[in-house]
Amino acid sequence: MTADDRPRCPWAGDDPEYRRYHDEEWGRPLHGDRALFEKMVLEGFQAGLSWITILRKRPRFREAFAGFDPAVVGAFGDDDIARLMADAGIIRNRAKIEATIGNARIVQEMVEGELDAFMWSFAPPSRSGPRPRTMDELPAVTPESEAMSKALRKRGFRFVGPTTMYALMQSAGMVDDHLEGCWRAV
């Protein structure tokens, strides 16, 4: 239980930002090329770090990456890379910054709605059995996240490994991994 007496998934803890994210975003279906591009970028930057780090830096990420507009980010050049590498408000990882720009260029080449439809095509059927009771029962990778990762990499996307894509599937509501007893479990 937390201060507001709502039972939550244990990862939400007592941090107000984490609780808000859990209650209002995580596991809710997210659509739109730009919104899913943002998730892809942030999940890629999160690799090797805690999600709360990314969550706290998300407002600055949005500013630094032009609201995750693929047309703008795809036009970034060397000066923008230097600017981003000097920005302490984001994660300063050159490979991830360059991957974000390259990924934006791929999204730019897609027809509007194509990224959304493509990513959602990997969503598994709704859970038919009981909900997981503990975090240990949740997978880090699934056949669907492996297939999504492979298909994205085939298109040229980077920092889209199967574990990262499963985290995206959870956060974008492609799967509902709220634990049994969580007030968000439906």
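We now turn to the structure provided with this report. (Residues numbered from 1 in each chain as written. Predicted model: local features only at pLDDT ≥ 70, side-chain atom pairs only at ≥ 80, totals over all residues. Heavy atoms only, no water.)

Some remarks on the nonpolar core
As a rule of thumb, nonpolar side chains are buried together in soluble globular proteins.
Here's step 1: Membership of the largest hydrophobic core comes to 52 residues, with the highest contact counts inside it found for Met40, Phe61, Phe65, Met119, Leu152, Phe157 and Met174.
Here's step 2: Where this core is concerned, the elements lending two or more residues are helix H1 (16-24), helix H2 (33-46), helix H3 (51-64), helix H5 (78-85), helix H6 (94-109), helix H7 (114-120), helix H8 (143-154) and helix H9 (162-171). (Core = buried A, V, L, I, M, F, W, Y, C linked by side-chain atoms within 4.5 Å. Buried < 20%, exposed > 50% of the residue type's maximum accessible area, 1.4 Å probe, protein only. Helix = DSSP H or I, 4+ residues; strand = E, 2+ residues; numbered from the N terminus.)

Regarding the pattern of salt bridges
Here's step 1: Under the counting rule described, the total for this entry stands at 15 salt bridges.
Here's step 2: Where Arg155 meets Glu114, a salt bridge forms, and the shortest distance between an N and an O atom there is 3.2 Å. In this pair, Arg155 sits in the loop between H8 and H9 while Glu114 sits in helix H7, placing the two residues 41 residues apart along the sequence.
Here's step 3: Arg155 gets classed as partly exposed once you look at its relative accessible area, which sits at 36%. (Salt bridge = Lys/Arg side-chain N within 4 Å of Asp/Glu carboxyl O.)

A short note on the packing of H5 against H6
Here's step 1: As a packed pair, H5 and H6 sit with axes 10 Å apart at the nearest point and diverge in direction by 135°. As judged from the angle between their axes, H5 and H6 are oblique. Judged by the sense of rotation from one axis to the other, the crossing of H5 with H6 is right-handed. Residues Ile81, Leu84 and Met85 of H5 pack against Arg94, Ile97, Glu98 and Ile101 of H6.
Here's step 2: Taken together, the residues of the contact of H5 with H6 sort by class into 5 nonpolar, no polar and 2 charged. (Axes fitted to C-alpha atoms, helices over the stretch in contact; angles between N-to-C directions. Parallel < 35°, antiparallel > 145°, perpendicular 65-115°, else oblique. Left-handed = near helix turned anticlockwise from the far one by under 90°. Contact = heavy atoms within 4.5 Å. Nonpolar A, V, L, I, M, F, W, Y, C, P; charged D, E, K, R; others polar.)

A few points about H1
Because an α-helix packs 3.6 residues into every turn, residues spaced three or four apart end up facing the same way.
Here's step 1: Turning to H1, its buried residues number three or more, namely Tyr18, Arg19, Tyr21, His22 and Asp23.
Here's step 2: Against H2, H3 and H9 lie the buried residues of H1.
Here's step 3: Sitting at the head of H1, Asp15 places a side-chain oxygen 2.8 Å from the backbone nitrogen of Glu17. (Polar contact = N/O pair within 3.5 Å; in protein donor to acceptor, adjacent residues only side chain to side chain.)

Topic: the packing of H2 against H9
Here's step 1: At a minimum axis separation of 9 Å, H2 and H9 run at an interaxial angle of 135°. Looking at the two axes, H2 sits oblique to H9. Between H2 and H9 lies a crossing of right-handed hand. Along the contact surface, H2 presents Leu36, Lys39, Met40, Glu43 and Gly44, while H9 presents Thr164, Met165, Ala167, Leu168 and Ser171.
Here's step 2: Class assignment of the residues belonging to the contact of H2 with H9 gives a composition of 5 nonpolar, 3 polar and 2 charged.

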